[in-house]
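Analysis of the macromolecular model
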Amino acid sequence: MRRTTVRIDETLLNEAKAYAARNGRSLNSVMEDALRQLLNRSTEVADRPRVELITSGSRLKPGIELTPEFIYGLIEQDDIERYLKVQADAAQ
């Protein structure tokens, strides 16, 4: 096996050493696994078919912001409407 010199950020190297020690592994095996995962992930992404998303082109009304509170309100309203429909269907 040919030896190659690689420069790695010191903080990243220390984190990798700590990870290896915590998991009872060698630094070399941790780095090999990380590199394999990176290379496999890039291959998997390249192999995925392209997906085209269909959008309606609609925009938010002026003054509406998609805050978490606004989204929770929409979900809550949807839940209420669904509950009322189930209740109406059950009454028939």
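Below: a short report on this structure. (Residues numbered from 1 in each chain as written. Predicted model: local features only at pLDDT ≥ 70, side-chain atom pairs only at ≥ 80, totals over all residues. Heavy atoms only, no water.)

1. Looking at the pattern of salt bridges
By the definition in use, this model includes five salt bridges. In this structure, Glu52 and Arg50 form a salt bridge, with 3.8 Å as the shortest nitrogen-oxygen distance. Accessibility assignment for this pair places Glu52 and Arg50 in one class, exposed. Salt bridges sharing partners connect three or more residues here, namely Arg25, Asp33 and Arg36. (Salt bridge = Lys/Arg side-chain N within 4 Å of Asp/Glu carboxyl O. Buried < 20%, exposed > 50% of the residue type's maximum accessible area, 1.4 Å probe, protein only.)

2. Some thoughts on a nonpolar patch on the surface
Taken together, the side chains of Leu60, Leu66, Ile71, Tyr72 and Ile75 make up a nonpolar region of the molecular surface, amounting to roughly 510 Å² of accessible area. Along the chain, Tyr72 turns up in helix 3 (residues 68-91). Tyr72 sits in the exposed class, given a relative accessible area of 57%. (Patch = residues over 30% accessible without salt bridge, like charges linked within 9 Å, V, L, I, M, F, W, Y side chains within 5 Å. Areas by Shrake-Rupley, 256 points an atom, 1.4 Å probe, with all protein chains shown as cover. Helix = DSSP H or I, 4+ residues; strand = E, 2+ residues; numbered from the N terminus.)

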